[in-house]
Amino acid sequence: MTESMSGCARSVDVLLCRCGGDISSPIDLEEVQRRVGACHSVESVSIHDSLCSDEGRSAILELCGSRGQRALVVGACSFGIADSIPREGFQKAGLNPHLLEQVDIREQCAWVHPSRESATEKAASLVKSGIDRCLRQESLEDLSFAVTGAALVVGRTKPAVQAAKRIAEAGFEVYLVDEAIEPAAEELDQSLSAGHDNVVVLKNARIEAIDGVFGLRHVKALTDEGAKEFDVGTILVSASVEEQAKNPFGYPHSDASRLMTAAGFENLLVEQEQKMRSGLPIERAPPNCIDFVQSNRDFAAERNLQHVQSAFTALAVSQALRFKRLCPSTEIRFFFHDAEGLLRTCKALSDSAARSGIHFNSLESPAEVIVDGEKTFVRALHADKGQIDTESDLIVIVGDRTASGVTPGILELLHIGTGEGRTVSEPSGHRASDLNRGIFVIRTSSSDEAVEKAEADAAASAMIDMMRQGTVRIPRRIARVQEDRCRGCGKCMSICEHNAIELVHKGEEVQIARVDELRCEGCGICRVACCNGAMALLGYTTTQMLAQMMGMIGEAGE
């Protein structure tokens, strides 16, 4: 069997997003519109100020409702944001979501090319390649999964208990599993057991195995009272986060007023802001200089946790701006590795900070914090100036967190990725289309109670919705065997972490691989391992990917 090209779209609509100026300032979208509109297969090209706004959503819904089975290509921002909104419009209009292609022209074009001309050329090239790939997309039917009305919650943190309570109150059975005995957990157990008959707390338990498929997973846990086995439809993992406030990864200090974490600085900010709003005097004089320093751990881990580091950066820049508004005379400096790259993820915020006089320094290696008597210094290897020593009144360590509270065994059983220091790097899974189907991860920190509550409530709500619906539809982006190429070697079966492939007989002697669609996560590792090219990934077939590459090459050659 060769790769199918059935269901090819006859024409394509294209939506381009200005992204509030983040895309349209560095890129000439009208020129992209002209070039893309000249393609013979393109029905229409329109430009919108913000596709993720209410107006943008309405435009997508209106277009989807009048378009029939034409394909749609969207040129906008990052995939996690831009593809979910048009996909929602597709589903509401009753269209097949596999006829949608999202192209990132913000991070991959607008933010990385200093030349407007080169950014525009690349954006047009990417959109055209997306069109060529989308024309060859198959109109695939989604997979349908039945979801069991029970949940597994791993960890006995406050947010985990809060989520367990919500799920139990909604009428679903909850198994709360803890792999360690902690004194604080006893109090949580008492509050949880009061009036929540649907919750089963397994203390000092160890999960041995999690088998099955999305919507129906069989869990085996070992407790002091023996083995406990049960079935669940959704899973929540609470990965607690500890702030290293007393000794942030080797930064010595004896005076907490001169060196603190971002959470400690947030508490200081809130206190000062409340006093100003209430007209109360601020007791101590503001520092003359504040330095925000990237933590040693995050410096080493940033390649694995770029999205986490970007979030910490945005928070720090926001804190710096708030303090600058409170105390305009205070000098504020940042010492980060690849500061320019990180600041692109919060460009509007960082531009505002720069205009306010906040300075950003890019480093070649981790900064060293030196406490010498009454003085505190930042010693760093600057990307342009070489080694520098700067005295500071207050140093804020940014991004100084590490995940704990979850053993590696759980993370491996659920295929949840971790970065440096075992910081959980897997997406939260709040969208059913994520690859970690039905698995939700919440990161908790005792200093961010509002964030904790929001994450726990969001995860619990999504889990409850899944279980109430009883059935969830997932895009069919899974592996498929091209039987005429398969020689039954078993490489794909041995490398599959999800036990989704088996060898079956075809005739008396011939064996071929077969994919269990319900187990397959669409990771594509089997396709890489197959030496005969017998594995294909639906939605990412060789025909589609070659068309995408040729579209880009053709545009570059024009």
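Structure: above.
Residues numbered from 1 in each chain as written. Predicted model: local features only at pLDDT ≥ 70, side-chain atom pairs only at ≥ 80, totals over all residues. Heavy atoms only, no water.

Asker: Talk me through the pairing of strand 4 (residues 100–104); I want residue IDs and the actual numbers.
Answerer: Counting buried positions over the five residues of strand 4 gives five, a clear majority of the element. Every second residue of strand 4 is oriented toward a common face, with Leu100, Gln102 and Asp104 on one face and Glu101 and Val103 on the other, all of them buried. As defined by bridge partners, strand 3 (residues 71–76) adjoins strand 4 across five bridges and the pair is classed as parallel. Across the sheet, residue Val73 finds its bridge partner in strand 4, namely Glu101. (Buried < 20%, exposed > 50% of the residue type's maximum accessible area, 1.4 Å probe, protein only. Helix = DSSP H or I, 4+ residues; strand = E, 2+ residues; numbered from the N terminus. Pairing = 2+ DSSP bridges.)

Asker: Which residues make up the sheet that holds strand 11 (residues 226–232), and what are the values?
Answerer: If you walk across this open sheet you meet the three strands as 9-10-11, and the pairing is antiparallel. Here the strands that pair on one side only, and so sit at the sheet edges, are strand 9 (206–213) and strand 11. Shown here is a sheet whose adjacent strand axes are inclined to one another by a mean of 15 degrees, direction ignored. When strand 10 (residues 216–223) meets strand 11, the two strands line up antiparallel, connected through seven bridges. (Axes fitted to C-alpha atoms, helices over the stretch in contact; angles between N-to-C directions.)

Asker: Give me the sheet that holds strand 2 (residues 42–48): which residues, what numbers.
Answerer: Each strand in a sheet pairs with another by means of backbone hydrogen bonds, the pair being arranged parallel or else antiparallel. A sheet is described by the order of its strands in space; here four strands give the open sequence 2-1-3-4, paired in parallel fashion. Of all the strands in the sheet, the pair left with one neighbour each is strand 2 and strand 4. Each strand of the sheet is rotated relative to its neighbour by a mean of 15 degrees, with strand direction disregarded. Pairing geometry for strand 1 (residues 12–17) and strand 3, over five bridges, is parallel. Bridged to Val12 within strand 3 is Ala71. Its contacts with the sheet place helix 1 (residues 29–37) against strand 1 and strand 2, and it is angled at close to 170 degrees to strand 2. (Contact = heavy atoms within 4.5 Å.)

Asker: Account for the pattern of salt bridges, naming residues and giving values.
Answerer: Under the defined criterion, the tally for this structure stands at 12 salt bridges. Between Arg206 and Glu208 there is a salt bridge, with the nearest N and O atoms lying 2.1 Å from each other. Overall, Arg206 belongs to the partly exposed group, its relative accessible area being 45%. Judged by relative accessible area, which is 37%, Glu208 ranks as partly exposed. Between Glu483 and Lys506 there is a salt bridge, with the nearest N and O atoms lying 3.3 Å from each other. Of this pair, Glu483 sits in the loop between strand 24 (479–481) and helix 16 (491–495) while Lys506 is found in strand 25 (residues 501–506), placing the two residues 23 residues apart along the sequence. Under the relative-accessibility criterion, Lys506 is labelled partly exposed at 45%. Each of Arg18, Glu30 and Asp49 takes part in a single network of salt bridges with overlapping partners. (Salt bridge = Lys/Arg side-chain N within 4 Å of Asp/Glu carboxyl O.)

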